[in-house]
Amino acid sequence: MALRSALFNVMFKAAEKAARGLKRDFGEVENLQVSRKGPADFVSTADHKAEKTIKEELQKARPGYGFLMEESAPVPATDESGRRWIVDPLDGTSNFLHGLPHFAISIALEEGGEIIAGLVYDPIKEDLFHAEKGTGAWHNDRRLRVSARNRMTECLIATGAPFAGKGDRPVFLGEIDAVMANTAGIRRWGAAALDLAYVAAGRFDGFWERGLAPWDIAAGLILVREAGGYVSEMNGKAITLEKSPSILASNNAIHSDLMKLLRKPS
Ligand code: IPD
Ligand code: CA
Ligand code: CA
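Heads up: these notes are all about the structure in this document. Just so you know, these numbers come straight off a predicted model, no measurement behind them.

Looking at empty space enclosed by the protein
At step 1: Within the structure shown, the criterion is met by one cavity of 30 Å³ or more.
At step 2: Approximately 30 Å³ is the volume found for the largest cavity.
At step 3: In the lining of the largest cavity, the residues fall into four nonpolar, three polar and no charged.

Structure follows, in structure tokens:
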């Protein structure tokens with residue numbers, strides 16, 4: 001049975017409330033695809049509404065904690081806890097915008113630079129992933145373990161591709177070429193928080209991406225770690241949320257092989 005701590009309840013209540021709004025808005029997005037203007041403004045409003053709901057709920061329950069959220073200015077903690085919430089109200093915006101049912105709310109709690117709790121909630125599939133430091137990672141009521149696959153040729157690896165002129169496309173092309181040649185396949189599903197949750201769940205064996213923000217990865221980090229996986233920068237260095245230029249998460253068995261593959265694109 002999953003651990004349902006007071007902290008989990010606070011995070012889940014906030015996510016659930018925002019998820020109700022996102023689900024309603026996702027229904028509308030399909031109707032807007034055919035309009036000339038498209039759903040972009042509508043989705044941006046949905047995103048901001050979700051962030052406001054999450055912030056209000058978390059603030060009500062833990063008034064002194066700070067915030068680092070994608071859509072608004074950082075708020076420092078006002079109590080002694082030194083804790084702050086790191087929130088992505090809608091991870092997978094492009095999917096949402098295009099009517100693709102693969103997006104999530106991501107909420108993490110940081111204390112003294114360390115993530116101590118994380119929740120990733122996909123409201124369409126009703127997939128709830130959560131973890132607290134030292135108590136394991138969970139998918140709904142099921143305990144999570146990363147996959148046990150240790151042969152690269154059997155592994156399914158997720159990634160995020162540069163888009164809209166961002167990132168280093170030649171470097172990325174070298175990386176996917178090397179991974180394509182040596183694994184069972186690559187997935188680019190468009191929601192980094194879920195990519196990490198899927199590594200924690202053993203659905204993906206590994207994940208790498210460059211240029212992500214703290215709110216994309218904070219909750220996923222603790223999910224993977226508490227599921228027994230390993231997370232680092234792509235060069236093997238320890239991840240620091242604010243500064244790390246890349247992330248590589250996988251089961252322990254393939255981490256260094258995957259790192260080598262990515263370092264030396266063929
Ligand atoms: C994005 C998603 C995507 C990743 C992008 C992120 P958003 O977050 O996580 O998978 O490739 O780099 O920015 O914008 O949908 O919250
Ligand atoms: Ca995101
Ligand atoms: Ca977002």
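A look at the layout of surface pockets
Once rolled over the atoms, a probe with the size of a water molecule shows which space is left empty.
At step 1: Approximately 710 Å³ is the volume attributed to the largest pocket.
At step 2: Lining the largest pocket are 33 residues, and of these Phe 163, Lys 166, Arg 188, Glu 209 and Leu 212 sit closest to its centre.
At step 3: Those elements giving two or more residues to the lining of the largest pocket turn out to be β3 (83-91), α3 (93-97), α4 (169-182), α5 (192-200), β11 (206-210) and α6 (214-226).
At step 4: When the residues that make up the lining of the largest pocket are grouped by side-chain class, the tally is 11 nonpolar, nine polar and 13 charged.

With respect to the coordination of the calcium ion (ligand 2)
At step 1: Protein-derived ligands of the calcium ion (ligand 2) are Asp 88 (OD), Asp 91 (OD) and Asp 216 (OD), with the metal-ligand distances lying across 2.1 to 2.3 Å.
At step 2: When the donors of the calcium ion (ligand 2) are listed by position in the chain, the intervening gaps give D-x2-D-x124-D.
At step 3: Separating the calcium ion (ligand 2) from the calcium ion (ligand 3) is a distance of 3.8 Å, and Asp 88 supplies a donor atom to each of them. With Asp 88 in strand β3 and Asp 216 in helix α6, the pair connects residues that are 128 residues apart, well separated along the chain.
At step 4: Residue class for Asp 216 comes out buried when judged on its relative accessible area of 11%.

About the thresholds
- Just so you know, the residues in each chain are numbered from 1, in the order the chain's sequence is written.
- Lettering for chains starts from A, numbering for ligands starts from 1, and both go in the order in which the items are written.
- It should be noted that, the model being predicted, local features are given only for residues of pLDDT at least 70 and side-chain atom pairs only at 80 or more, the latter also being counted only at that level, while totals for whole chains, interfaces and linings use all residues.
- Just so you know, side-chain values use all the structure's heavy atoms and leave hydrogens and water out.
- Lining residues are those with an atom within 4 Å of a point, where the points come from a 1 Å grid over the protein atoms alone and group into cavities, where a 1.4 Å probe fits but cannot get out, or pockets, open sets with protein on both sides within 12 Å along at least five of seven lines.
- Grid points are joined across faces, edges and corners, and a volume is the space filled by probe spheres set on the points.
- Under this grouping Gly is polar, as are all residues other than the nonpolar Ala, Val, Leu, Ile, Met, Phe, Trp, Tyr, Cys and Pro and the charged Asp, Glu, Lys and Arg.
- Strands are runs of DSSP state E lasting at least 2 residues, helices are runs of H or I lasting at least 4, and numbering of each runs from the N terminus.
- Sites may look incomplete, because water is not among the atoms used; the donor set itself consists of N, O and S atoms within 2.8 Å of the metal (3.2 Å for Na, K and Ca).
- Any residue under 20% of the maximum accessible area for its type is buried, any over 50% is exposed, and the rest in between are partly exposed; the area is computed with a 1.4 Å probe on protein chains only.

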